[in-house]
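So you can see what is in the structure, the chains are spelled out below.
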Amino acid sequence: SLRDLVAIPLYLTKLLSDTPGGNLPTTKEEVLRLFVAEIDRSAAAHEVLQSAAAGFHGEMLSAIAIDATVADSVTVSEHRARSLISDVAGRLVREGQMAAPQPDAVLAALVSHHLLVRTASGVEFQHQQFQEWFASHEVEALMRAAASGDADARHRLRTVVLNAHAWEEAVLFACERASRGDADGVAGAATLILEALTVDPMLAAAAIYRSSDALWSAVKDRVVEFAGRWHTPKEIDRAVRFMIKTGRAEFADILWSFIADPDDQVYLKTMRAGGRFRPSVLGSDIAGRISQLPPKHRSHLLSELVTYGGIEGIETATSIALSDNDIDVKTSVAEALHFRRANHQ
């Protein structure tokens, strides 16, 4: 959400500097897409990149990003980078898309006019998030192909991408973008999430949270059924962590069964089970349901929302506390806000 974006300097800088048409982006992927598009629109950069790479520099940057991600690294040697550029160019030459370029000239252009920088050990992207964004196009291609029945793409998606932590952010970028695109993109993201349930359920949950409502509609029944089978009733298990990480209100009743429990060891453990707590997982009537609890219970829950709920939790807890008539509840939330340096709230 936009609340999450403004907490990250890289994204806040872009949001403040230039948002075309005044329409604010709502995902990390969209902000990075704006960064790249702005560079590509630069007249000086466009001329150099067109001359050196015939406008196919994006594919070459993706090849470098994929190679670095597979190696679980942020750096690629210059020798390796030139080889990757040659590989992409060779394919494009065979397809009649461009004349053979000079890899040195392409690499120099990508360093001088795009997002690569030279280091003592090779080249890398100016920020790791750019590497992950360019690598996400490989993830999207694989999941779209897998959704269309390509068995090799599905195998690579499972064994190379979903099975390696280095691909996590690229997976999330791919799901953010594809799930807000065409029907094939939604189908591809749905395929990835259903595959991830069997490889890394927590990654699947994070992808669900970052994806669109259209994607959730496509996978909801399967995911809710999966979580129900995984969850042991009355236990705060890993399935509860999974539910929290999805942020989806379909799990609200299960979560409230723990959060409304009078035992503070139960509700506090639940609030902390998912790392970052997603207030949206509690449904639309958070304020109403919290208001029915005793003051001490309310104080604890709202303070936990401030501590573990990110910006959304901070704003939710502040809004509820403002309407609460108990001074101890207000004080406990104010103390939590002060500790988090949420000065505006």
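Residues numbered from 1 in each chain as written. Predicted model: local features only at pLDDT ≥ 70, side-chain atom pairs only at ≥ 80, totals over all residues. Heavy atoms only, no water.

**Q** Even after reading the chapter, I still don't get the overall build of the chain, so can you show me in this structure?
**A** Within the chain, the secondary structure is distributed over 20 helices and two strands. Structurally, the chain occupies a C-alpha span of about 75 × 45 × 35 Å along its principal axes. Counting over 345 residues, the chain shows a buried share of 50%. Expressed as a percentage of contacts within the chain between residues at least 6 apart in sequence, the contacts between residues at least 24 apart total 66%. In the form shown here, the chain has an accessible surface area of approximately 16,300 Å², with 51% of it arising from carbon and sulfur atoms. In the chain, 35 positive and 45 negative side-chain charges are present, and the distance between their average locations comes to 2 Å. (Helix = DSSP H or I, 4+ residues; strand = E, 2+ residues; numbered from the N terminus. Buried < 20%, exposed > 50% of the residue type's maximum accessible area, 1.4 Å probe, protein only. Contact = heavy atoms within 4.5 Å. Areas by Shrake-Rupley, 256 points an atom, 1.4 Å probe, with all protein chains shown as cover. Lys, Arg positive; Asp, Glu negative; His and termini not counted. Charge placed at Lys NZ, Arg CZ, Asp CG, Glu CD.)

**Q** Could you clarify how one ought to interpret the pattern of salt bridges in this entry?
**A** Oppositely charged side chains are able to pair whenever their charged atoms sit close together. Under the definition given, this model contains 21 salt bridges. Across the salt bridge formed by Asp-182 and Arg-144, the nearest N and O atoms sit 3.2 Å from each other. Of this pair, Asp-182 sits in the loop between helix H10 (168-178) and helix H11 (183-199) while Arg-144 sits in helix H8 (residues 128-147), and the two are 38 residues apart along the sequence. The exposure class assigned to Asp-182 is partly exposed, which follows from its relative accessible area of 41%. The salt bridge partner of Glu-195 is Arg-158, with a shortest N-O separation of 2.7 Å. You can see Glu-195 sitting in helix H11 and its partner Arg-158 sitting in helix H9 (residues 151-161), a full 37 residues away along the chain. What emerges from the salt-bridge pattern is a single network uniting Glu-29, Arg-33, Glu-140, Arg-144, Arg-177 and Asp-182. (Salt bridge = Lys/Arg side-chain N within 4 Å of Asp/Glu carboxyl O.)

**Q** Just to check I follow, could you spell out the nonpolar core for this structure?
**A** Counting residues in hydrophobic clusters, the biggest one holds 108 residues, and the most contacted among them are Phe-125, Val-139, Leu-157, Val-171, Leu-192, Leu-255 and Leu-302. If one sorts the elements of this core by residue count, H8 sits on top with eight residues. Setting aside its immediate chain neighbours within four residues, Leu-255 contacts Val-240, Met-243, Ile-244, Thr-270, Val-281 and Leu-282. (Core = buried A, V, L, I, M, F, W, Y, C linked by side-chain atoms within 4.5 Å.)

**Q** Looking at this structure, I do not really get the pairing of strand S1 (residues 116-119). What am I missing?
**A** The side chains of a regular strand alternate between both faces of the sheet. Note that S1 and strand S2 (residues 122-125) share four bridges and pair antiparallel. Bridged to Arg-118 within S2 is Val-123. With antiparallel pairing between neighbouring strands as the criterion, S1 and S2 make up a hairpin whose turn holds two residues. (Pairing = 2+ DSSP bridges.)

**Q** Could you clarify how one ought to interpret the environment of Thr-270 in this entry?
**A** Here Thr-270 lies in helix H16 (residues 264-271). Considering only alpha carbons, one finds Thr-270 and Trp-256, 14 residues apart in sequence, at a separation of 9.5 Å. If we skip the residues at most four places from it in the chain, Thr-270 touches Ile-236, Val-240, Ile-244, Leu-255, Phe-258, Ile-259 and Phe-277. Here the side chain of Thr-270 touches Val-266 through a polar contact of 2.8 Å, landing on its backbone oxygen. (Polar contact = N/O pair within 3.5 Å; in protein donor to acceptor, adjacent residues only side chain to side chain.)

**Q** Whenever I open this one, the confidence of the model for the chain confuses me. Can you help?
**A** In low-pLDDT regions, the fine details of the predicted coordinates are not to be read closely. On average, residues of the chain score 92 in pLDDT, and 93% of them are at 70 or above. The element-level mean pLDDT for the chain is lowest in helix H1 (residues 2-5), coming to 52, with helix H13 (residues 213-230) highest at 98. (pLDDT = per-residue confidence, 0-100.)

**Q** Explain the packing of H10 against helix H12 (residues 201-210) here, please?
**A** Two numbers describe a pair of packed helices, the interaxial angle and the distance between the axes. Two elements in contact, H10 and H12, have axes separated by 9 Å at closest approach and are oriented at 35 degrees. Remark: the crossing between H10 and H12 carries right-handed chirality. On the side of H10, the interface is formed by Glu-168, Glu-169, Val-171, Leu-172, Phe-173, Cys-175 and Glu-176, while H12 contributes Leu-203, Ala-206, Ala-207 and Arg-210. (Axes fitted to C-alpha atoms, helices over the stretch in contact; angles between N-to-C directions. Left-handed = near helix turned anticlockwise from the far one by under 90°.)

**Q** What should I look at first to understand helix H14 (residues 238-246) in this one?
**A** Spacing of three or four residues puts side chains on the same side of an α-helix, whose turn is 3.6 residues. Burial analysis of H14 places seven of its nine residues in the buried class, which makes it a mostly covered element. Looking at H14, one finds that the buried residues are Ala-239, Val-240, Phe-242, Met-243, Ile-244, Lys-245 and Thr-246. In this structure, the buried residues of H14 make contact with H11, H12, H13, helix H15 (252-259) and H16. Backbone geometry just after H14 places Gly-247 at a positive phi near 70 degrees.

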